[in-house]
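# Structural description and commentary
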Amino acid sequence: MDIAELIQITLLSIQVSGVAVVLSSIIGVWLGAYIATSEFKLKKLTITLIDTLMGTPPVLLGLILYLVLSRSGPLGFLGVLFTPAAMIIAQFLLTLPIVTGLAISAVESLPRELREYIKSLALPAHYEVLLLINEARTGIISGVLAAFSRAVSEVGAVIIVGGNIRYYTRVLTTAIVYYTNSGEFDTVLWLGLVLTLVYFAINAVVLLLRYRMGERSD
Amino acid sequence: MEGYRLMLWLGSFILGLIVGSLISQFFILKIHETSLAPSFQANGQNTTWTLTSRKHVVLRIATTTSLDATGLLDVFKKSFEDKYPWIKVTWVAVGSGQAVELGKRGDVDLIIVHDRDLEDRFISEGYGVHGVTFAYNDFVLVGPPEDPAGVKGSKGVVEAFKRIFQAGEQGWAIFVSRGDKSGTNLRELSLWAMAGVDPSGKTWYKEAGQGMSQTLMIADQLRAYTLCDRSTFLVFKDKVNLVILSEGDPLYLNLYRAIPVNPKKFPNVHYNESLLFVSFLVSPEGQKIIGTYTKEGAKLFNVCFGNLTSLGIYDPYEYDEESGQVRFYRELLSRS
C-alpha cells in the first residue's frame, strides 16, 4: 500500500465518522437536553432505553442495517448499500444514543440552583434548552468526542454495510482487519499509527477547547 | 506547562492538515461527474452500440476471496477502467456462499464464484444470466512439512483425506476448515464425503469461519492441514511454514465463473456494465491479463474461455453450439 492510499483511507475515515457524528450531535444534543429538562411519564424508561442503546454491538447494528438497506429490504430503493453513505448512516445510528445519553447526564449534572434559576425565567422551552446546552457545554463536548472515538474505531458495522471496497469504502479500521487477514502486519502498524494520530489530534483540540471554555465559565 | 502547550499546537497542526486535505478532496470529487462514452445495449437479440452521454456507474461485484487476495482484480480493474472510463469497478471479497446470497438479494451486479452446484442453482432459479467460466486453477492440500498423517505418499485426494481422518482420530493431525460455505469449504466437504468419512464435530477438525488467508495462518499456527486454492497459497507460501502435500488429482480442479445478476429480477442492477465486464474478462485481451498474471514469479491462473471441454468438462449451458454462453459472448465480442 502506498502513501496516497493511506491518505485516502484516513480521509475517508474522518469524512465518514465526522459527518455521522456532526449529524448525530445536531439531533442528539438537542434531544438529550430536551429530555433532561422536560417531565413526562416514561422519562425513566426512555433514559434507560437510551443507555441500553449506547452499548449496541456494532455488528448487530450493521447486520440489521444491511437487511434494511439491501435491495430486497424495505429501504432497498435508496441503493446506498456498499457506499460511504451506508457507513455514515450506520455510524449516525451508532453514535446518536451516545450523544443523547451523555447530553442528558451533562445537563442533569448541572447545579440544581442553576437549573431552577433558568426555569424560573419562564422562557420559551427552546430558549431554556439552549441556555442549558450552553451551560453544560463541557460535558456535551466530551460526549461528542466519545461518540467520535466510538465511530472512528468501530469496525463491525462499517465492514458489513460498507463492504470494505478498496478506494471506496475501505476505512482505517476495515483496512486494519483486511491487512491483518492478509498477513501484511507492517501495513497494519502504519494504519494503527495513523489511527492513533487522528485520535491524538482530536483529543488535543478538544482539550484546548475545554481549557479555554473552562477559563471563561468559572 | 510548556509540554502541554506544545502538544496542543502539534494536535491542532495535524487536525488542520486533515481538515485542509478534506476540503481539497471534496473539490476534487466534484469534477468528473459525467462523460461521453460508448455503451452497448444488450437487450436479448438486439445488441447495438450507441454513443450516449451517461453518468458514472459504480459496478459492484461480489467476488470469491482468491481473486482479491492474489491482486488479480486490482490489475484487471485498471485495464478495464482505462478502456471504459465511466465505469468504476468495486468489489466485496467474500466466500462463494455469501457472494451468491448477495446476488440473490440484488445487492451486487455481478458475482464471481467457484462452486458449480451453487452456480447452477443460482442460474436455474433465475437470479443469474449469461454465466461463463473464464479461468481455472486447482486446489492443493497443504500441511506442515513433517506431515504427521503421511499424506505425501497417498495416491490421490480421496486417500489423502482418509489418512488425515485416521491420523486425526488418533490425535496426530489437525485439519483447519474454512467453515464459511465458501467454494473452497464446499469442495472440502464434498472431498470428505467422497472419502466416506465425516469429520464434523471432531476435536481435531477446526472450523475457522474466515477467509482463505486467515485459515492458512491458523493452519500454520496449529501445524495443521488445510485445503487451499493454489493461487492464494502461492501468494502466502513465504508467510507460512506449510508445504503442498497432495496435488494434481482431477478432483482438485477449481473453475471460476462470472455470472451477471438477472436484470429481470432486479431492474436496478447495472446489467450492461456487468456484461461489458464479463466480455472483457473473456476477450483475448482480458484472457491475456489473467493468463500472464504472476505474483512473486508464480503464474496463478490459467484461462479456459472456450476450451473447457479440453479439461474434461462439458457443460451444455455454456458449450451448446446453438444457445451456449460461450457463443453468446463470442457474438458480443465480434460486434465490438
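Residues numbered from 1 in each chain as written. Chains lettered and ligands numbered in written order. Predicted model: local features only at pLDDT ≥ 70, side-chain atom pairs only at ≥ 80, totals over all residues.

### Some words on the overall build of chain B
Test applied: Under the scheme used here, helices are H or I runs from DSSP no shorter than 4 residues and strands are E runs no shorter than 2 residues, and both carry numbers assigned from the N terminus. To assign burial, the other C-beta atoms lying within 10 Å of each residue's own C-beta are counted, with C-beta atoms placed from the backbone; 20 or more indicates buried, 12 or fewer indicates exposed, and intermediate counts indicate partly exposed. A residue pair is marked as a contact if its C-beta atoms, positioned from the backbone, fall within 7 Å.
Helices and strands together make up the secondary structure of chain B, namely 13 helices and 14 strands. Of all 336 residues assigned to chain B, the portion counted as buried reaches 44%. A sequence separation of at least 24 residues applies to 73% of the contacts in chain B between residues at least 6 apart.

### Points about the overall build of chain A
For chain A, the count of helices and strands is 10 helices and 0 strands. Secondary structure elements of chain A occur, N-terminal to C-terminal, as α-α-α-α-α-α-α-α-α-α. Taking the principal axes of its C-alpha atoms as reference, chain A extends roughly 60 × 45 × 25 Å. Counting the 218 residues in chain A, one finds 40% classified as buried. For chain A, the proportion of contacts with a sequence separation of at least 24, taken over those separated by at least 6, is 78%.

### Focus on the domain arrangement of chain B
Residues and elements named next belong to chain B. Note the threshold: Boundary definitions for the domains trace back to an automatic or database domain assignment. Residue polarity is assigned by list, with Asp, Glu, Lys and Arg as charged and Ala, Val, Leu, Ile, Met, Phe, Trp, Tyr, Cys and Pro as nonpolar; anything else, Gly included, falls into the polar class.
In terms of domains, chain B is made up of domain 1 (35–137 + 254–335) and domain 2 (138–252). Placing the centre of domain 1 and that of domain 2 at their C-alpha centroids yields a distance of 29 Å. In this assembly, 18 residues from domain 1 lie in contact with 19 residues from domain 2. Among the secondary structure elements, those contributing two or more residues to the side of domain 1 that touches domain 2 are α2 (65–69) and α4 (96–104). The element that contributes the greatest number of residues to the side of domain 1 that touches domain 2 is α2, accounting for 3 residues. For the side of domain 1 that touches domain 2, the residue count by class is 5 nonpolar, 11 polar and 2 charged.

### Some remarks on the interface of chain B and chain A
Counting from both sides, the interface comprises 26 residues of chain B and, opposite them, 24 residues of chain A. For the side of chain B that touches chain A, the secondary structure elements donating two or more residues are α1 (2–30), β4 (87–94) and α8 (212–222) of chain B. In terms of residue count, α1 of chain B provides more of the side of chain B that touches chain A than any other element does, 10 residues in total. By residue class, the composition of the side of chain B that touches chain A is 12 nonpolar, 10 polar and 4 charged.

### Some remarks on helix α13 (residues 325–335) of chain B
Residues and elements named next belong to chain B. Test applied: To obtain the arc, one takes the directions from the helix axis to the C-beta atoms.
Of the positions making up α13, those classed as buried are Q325, V326 and Y329. Down the axis, α13 shows its buried residues gathered within 105 degrees of arc, on one side only. Turned more than 90 degrees away from the buried face of α13, the exposed residues are E331, S334 and R335. On its buried face, α13 is in contact with β6 (132–143), α10 (271–282) and α12 (316–319).

### Concerning the environment of F139 of chain B
Residue and element names in this part refer to chain B. Tracing the backbone through its elements, the reader meets F139 in strand β6. Measuring from C-alpha to C-alpha, the distance between F139 and S336 comes to 35 Å, with 197 residues separating the pair along the chain. Not counting residues within four places of it along the chain, the set of residues in contact with F139 comprises T184, R187, L227, C228, D229, R230, Y252 and N254.

### Looking at the nonpolar core
Test applied: One nonpolar core equals one set of buried Ala, Val, Leu, Ile, Met, Phe, Trp, Tyr and Cys residues connected by C-beta atoms within 7 Å.
Counting residues in hydrophobic clusters, the biggest one holds 143 residues, and the most contacted among them are A90 and V161 of chain A together with L110 and I164 of chain B. If one sorts the elements of this core by residue count, helix α4 (residues 84–108) of chain A sits on top with 15 residues. Mapped onto the domain boundaries, this core takes at least three residues apiece from domain 1 (35–137 + 254–335) and domain 2 (138–252) of chain B. Sequence-distant contacts of A90 of chain A, defined by excluding residues within four places in its chain, comprise L61, G62, L65, A157, V158 and V161 of chain A.

### Quick word on helix α7 (residues 137–153) of chain A
The test is simple: Take the residue count of a helix, subtract one, and multiply by 1.5 Å to get its expected span.
For α7 of chain A, spanning 17 residues, the distance from its first C-alpha to its last is 24 Å, which sits close to the expected 24 Å at 1.5 Å a residue. When we look at burial in α7 of chain A, the residues that qualify are I140, G143, V144, L145, A147, F148, A151 and V152 of chain A.

### Regarding the packing of helix α5 (residues 112–120) of chain A against helix α6 (residues 125–135) of chain A
Residues and elements named next belong to chain A. Selection criterion: Geometry is summarised by axes, namely lines fitted to C-alpha atoms with helices restricted to the contacting stretch, and by angles between N-to-C directions that run from 0 to 180 degrees. Working definition: roughly parallel below 35 degrees, roughly antiparallel above 145 degrees, roughly perpendicular at 65 to 115 degrees, and oblique for all remaining angles. Rotating anticlockwise by less than a right angle from the far helix to the near helix defines a left-handed crossing, while the corresponding clockwise rotation defines a right-handed one.
At their nearest, the axes of α5 and α6 sit 10 Å apart, and the two run at 155 degrees to each other. With respect to each other, α5 and α6 are oriented roughly antiparallel. Two packed elements cross with a definite hand, and for α5 against α6 that hand is right-handed. For the pair α5 and α6, the contacting residues are L114, I118 and K119 in the first and E128, L131, L132 and E135 in the second.

### Let's talk about unusual backbone geometry
Residue and element names in this part refer to chain B. Non-glycine residue K181 carries a positive phi angle of around 60 degrees. Take K181: there are 18 C-beta atoms within 10 Å of it, and that puts it in the partly exposed class. Although it is not a glycine, R223 adopts a positive phi angle of roughly 55 degrees. Of note, R223 is situated in the loop between α8 and β9 (226–229).

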